[in-house]
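# Remarks on the overall topology
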Amino acid sequence: MTRGALLMALVFATGAHRTQPQRAGRASHGPTATIVVAKGDAPGDALRDTVVQLDTTRLARAYAEAARMPRMRSLLVQWRGSLVRERYYRGATATSPANIKSASKSIISALVGIALHEGRLRSLGQPLSELLPDAARGLDAAKRAITLEDLLTMRAGLQPTSFDNYGAWVSSPNWVRDALRRPMVAAPGHLGGPMLYSTGSTHLLSAALVRATGTSTHAFAQRALARPLGFRLRGWTTDPQGIHFGGNEMRMTSREMLAFGTLYLNGGRAPGGTQVVPRAWIDSSWVVRTYSPFNGNGYGYGWWHRRLAGHDVHFAWGYGGQFVFIVPDLALVVVTTSDPNAQRERGHLDAIYGLLEREIIPAVGGGTATGR
């Protein structure tokens, strides 16, 4: 049987499979539903059938809680390839593009992986002196030796351009030059240095992509990533030299974010079977290579990591609560968008993590194996 045929049990049992946007406040508290997934139909099921359950009561509680969160704009839950619930809040709709903020850093990472696979970038050890030779001219040896991997893992060693330095950086006449003129405040990652979160690092990646591909970051992203996923990526902010902002200000609908998360869950394959992002790149991107000194989360190549409800969760994260969560062992993708202009505070973020840990992950995490 195909995945679609098997998922019909879930559809008829609960009515939970929705592909149309729904209004807030209409979540139902239905019973737990059971479906059987055939051998090899889902990750990890190659040698067995698995009985899996969707606890619709827990899921309904999650959506009721989300509706009470004033900053929340959308919540989408996709499980085993089925969009089981979708809600929009406070004027947001399925067609409303959200500013995904720093979640776009994960997209920049995908583009770097594609560029490496295509041979446009040489290696993760490629130094700044090769990535951006004109910009690196005149820099000291330590800066010229900063590698592609150092930039991806936020371990360039340069004074960050984010937080208190952000305004001055984006007001400068040359963002690449301003990021590189900053002092080295730590050893770079290839010498064991720590994580220093800095959007300047991913903007340097955008500049490196422009040089490597001979086109704009937007054009490359459209050709290599968005088009295979079936949508058109909107243009976004550029620096004074016309380089698209690397790591901020991209705009995507919640379903486009879901498509990106699904791409990574499926090992880089688009719905038609095209390999868009190399699977090896995804696996490497999710390896924790450093930890944030501010929140304790792990960080790989443009992706965050933490444990929630006993499961490894990889996620793209943007300011204010723009998230693409991927839980590989549950075949789960969760997307949230939130007010991107709200004042910085942890309460809303903690509430989103809580939704996953208390309700959404347990709602799909009760599967038990049965022998064949």
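Conventions we followed
- Residues numbered from 1 in each chain as written.
- Predicted model: local features only at pLDDT ≥ 70, side-chain atom pairs only at ≥ 80, totals over all residues.
- Heavy atoms only, no water.
- Helix = DSSP H or I, 4+ residues; strand = E, 2+ residues; numbered from the N terminus.
- Contact = heavy atoms within 4.5 Å.
- Areas by Shrake-Rupley, 256 points an atom, 1.4 Å probe, with all protein chains shown as cover.
- pLDDT = per-residue confidence, 0-100.
- Axes fitted to C-alpha atoms, helices over the stretch in contact; angles between N-to-C directions.
- Parallel < 35°, antiparallel > 145°, perpendicular 65-115°, else oblique.
- Left-handed = near helix turned anticlockwise from the far one by under 90°.
- Pairing = 2+ DSSP bridges.
- Salt bridge = Lys/Arg side-chain N within 4 Å of Asp/Glu carboxyl O.
- Buried < 20%, exposed > 50% of the residue type's maximum accessible area, 1.4 Å probe, protein only.
- Phe/Tyr/Trp six-rings, centres within 6.5 Å; stacked < 30°, edge-to-face > 60°.
- Lys NZ or Arg CZ within 6 Å of the ring centre and 35° of its normal.
- Core = buried A, V, L, I, M, F, W, Y, C linked by side-chain atoms within 4.5 Å.

## Focus on the overall build of the chain
Counting its regular elements, the chain contains 14 helices and 14 strands. Taking contacts inside the chain between residues at least 6 apart in sequence as the whole, the part at least 24 apart equals 65%. With an accessible surface of roughly 15000 Å², the chain has 51% of that area assigned to carbon and sulfur atoms.

## Looking at the confidence of the model for the chain
Overall, the prediction assigns the chain a mean pLDDT of 88, with 84% of residues at 70 or greater. Between residues 1-31, whose pLDDT stays under 50, and residues either more than four places distant or in other chains, the model counts 69 contacts.

## Remarks on the packing of helix 2 (residues 56-67) against helix 14 (residues 347-364)
Helix 14 packs onto helix 2 with a crossing angle of 160 degrees between their chain directions and a minimal axis gap of 8 Å. Classified by the angle between their axes, helix 2 and helix 14 sit roughly antiparallel to one another. Crossing angle aside, the handedness with which helix 2 passes helix 14 is left-handed. Contacts from Arg58, Leu59, Arg61, Ala62, Glu65 and Ala66 in helix 2 reach Ala351, Leu355, Arg358, Glu359, Ile360, Pro362 and Ala363 in helix 14.

## Concerning the pairing of strand 10 (residues 304-308)
Bridge count between strand 9 (residues 298-299) and strand 10: two bridges; the pairing is antiparallel. Across the sheet, Gly298 pairs through a bridge with His305, a residue of strand 10. Counted along the chain from strand 9 to the antiparallel partner strand 10, the turn is four residues long, and its residue Gly302 has a positive phi close to 80 degrees. Summarising the sheet, strand 10 and strand 11 (residues 311-318) pair through five bridges and their orientation is antiparallel. Looking across to strand 11, one finds that Leu308 is bridged to His311. The hairpin formed by strand 10 and strand 11 contains two residues between the paired strands, and Ala309 there has a positive phi angle of roughly 50 degrees.

## Some points on the pattern of salt bridges
All chains considered together, the criterion is met by 18 salt bridges. A salt bridge links Arg58 to Glu359, with the nearest nitrogen and oxygen atoms 3.5 Å apart. A residue pair is termed long-range when its members are at least 10 positions apart, and Arg58 in helix 2 and Glu359 in helix 14 qualify at 301 residues. Using a relative accessible area of 9% as the deciding quantity, one classes Glu359 as buried.

## A word on the side chain of His244
The residue His244 is located in the loop between helix 11 (217-229) and strand 7 (251-252) in this model. Here His244 falls in the buried class, since its relative accessible area comes to 11%. Excluding anything up to four places from it in sequence, His244 contacts His203, Ser206, Ser216, Thr217, His218, Trp236, Thr237 and Thr238.

## Re unusual backbone geometry
One non-glycine residue, Arg80, lies in positive phi territory at about 50 degrees. Secondary-structure assignment places Arg80 in the loop between strand 4 (72-79) and strand 5 (82-88). Despite not being glycine, Lys101 has its phi angle at roughly 50 degrees, a positive value. With respect to the secondary-structure elements, Lys101 resides in the loop between strand 6 (98-99) and helix 3 (104-117). The class of Lys101 is buried, set by a relative accessible area of 14%.

## Thoughts on the packing of aromatic side chains
For the coordinates displayed, the defined rule picks out 23 aromatic pairs. Here Tyr166 and Trp169 contribute two aromatic rings whose centre-to-centre distance is 6.1 Å and whose plane-to-plane angle is 65 degrees, an arrangement assigned as edge-to-face. On the criterion of helical spacing, the pair formed by Tyr166 and Trp169 is a turn pair, its members being three residues apart in helix 8 (residues 166-170). Classification of Tyr166 by relative accessible area gives partly exposed; the value is 25%. Accessibility expressed as a relative area gives 0% for Trp169, which makes it buried. Ring pairs connect the aromatic residues Phe163, Tyr197, Phe294, Tyr299, Trp304, Phe315, Trp317, Phe323, Phe325 and Tyr353, which therefore count as one cluster. Positioned above the aromatic ring of Tyr63 is the side chain of Arg85, whose terminal nitrogen or guanidinium carbon lies 5.9 Å from the ring centre. One Lys or Arg, Arg306, reaches over the ring of Tyr353 and ends 3.9 Å from the middle of that ring.

## With respect to the environment of Ala219
Its location among the elements puts Ala219 in helix 11. Distance from Ala219 to Gly235, taken between C-alpha atoms, is 9.0 Å for residues 16 residues apart in sequence.

## Side note on the nonpolar core
With 68 residues, the main nonpolar core has Val112, Leu151, Leu225, Tyr264 and Val277 as its most contacted residues. Top element by residues in this core is helix 3. It accounts for seven residues. In this structure, Ala66, Phe315, Leu355 and Val364 belong to the second largest nonpolar core, which totals 35 residues.

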